[in-house]
Amino acid sequence: MAMQVLTWVQCCKCGKWRELPFTNKSYDRTVPDSWTCSDNPDPECRKCSAPEKKKAIVSGKLLKVVKSTSEKRQETIEGLSRKLELLQEREGIRQPAKRSAESMSSKSVPNGDQSVAERSTAREVSRM
């Protein structure tokens, strides 16, 4: 079933808007610039004295919930966390254990994570 596209035209004499009935012949056909009510195929609206038909415009409220930026950010973080967990389960990857503040001190940091100054100090101490 095809969608019927309504065509509205305005009479050049009376200024009233008329709805033209849909037909296969009227599909993709242009309406002349000097259209009048007498050109209307609908016999009820073929005279300028006929009342203009008003179409009811549907009114209502948009019931979309608008989220704040922080709510959107939180949802994004939660979604990414779920995806990461699923990926890690699928790949068999274990999450690294969280380090405590004590384990992150300079005494327990391996050489690869030490700064240049700390490594040179460690070399000097080991030479003594």
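Residues numbered from 1 in each chain as written. Predicted model: local features only at pLDDT ≥ 70, side-chain atom pairs only at ≥ 80, totals over all residues. Heavy atoms only, no water.

## Structural notes on the side chain of Asn 40
Turning to its location among the elements, Asn 40 is positioned in the loop between β2 (17-20) and α1 (69-91). Contact partners of Asn 40, with chain neighbours within four places excluded, come to Arg 18, Leu 20, Pro 21, Trp 35, Cys 45 and Arg 46. (Helix = DSSP H or I, 4+ residues; strand = E, 2+ residues; numbered from the N terminus. Contact = heavy atoms within 4.5 Å.)

## Concerning the nonpolar core
Within the largest apolar cluster, five residues are counted, these being Val 9, Cys 11, Leu 20, Trp 35 and Cys 37. What Trp 35 contacts, discounting residues up to four positions off in sequence, is Val 9, Gln 10, Cys 11, Cys 12, Arg 18, Leu 20 and Asn 40. (Core = buried A, V, L, I, M, F, W, Y, C linked by side-chain atoms within 4.5 Å. Buried < 20%, exposed > 50% of the residue type's maximum accessible area, 1.4 Å probe, protein only.)

## Quick look at the environment of Phe 22
Checked against the element boundaries, Phe 22 lands in the loop between β2 and α1. By relative accessible area, Phe 22 is classed as partly exposed at 28%.

## Observations regarding α1
With 23 residues, α1 should cover 33 Å at 1.5 Å per step; its first-to-last C-alpha distance of 33 Å lies within 8% of that length. Looking at the residues trailing α1, positive phi occurs at Gly 92, about 75°. (Expected span 1.5 Å × (residues − 1).)

## Notes on the pairing of strand β1 (residues 7-10)
The two faces of the sheet receive side chains in turn, since in a regular strand these alternate between them. Where β1 and β2 come together, four bridges link them in antiparallel fashion. Residue Val 9 lies in a different strand from β2, and its bridge partner there is Arg 18. Between the end of β1 and the start of β2, which pair antiparallel, lie six residues, with Gly 15 showing a positive phi angle near 80°. (Pairing = 2+ DSSP bridges.)

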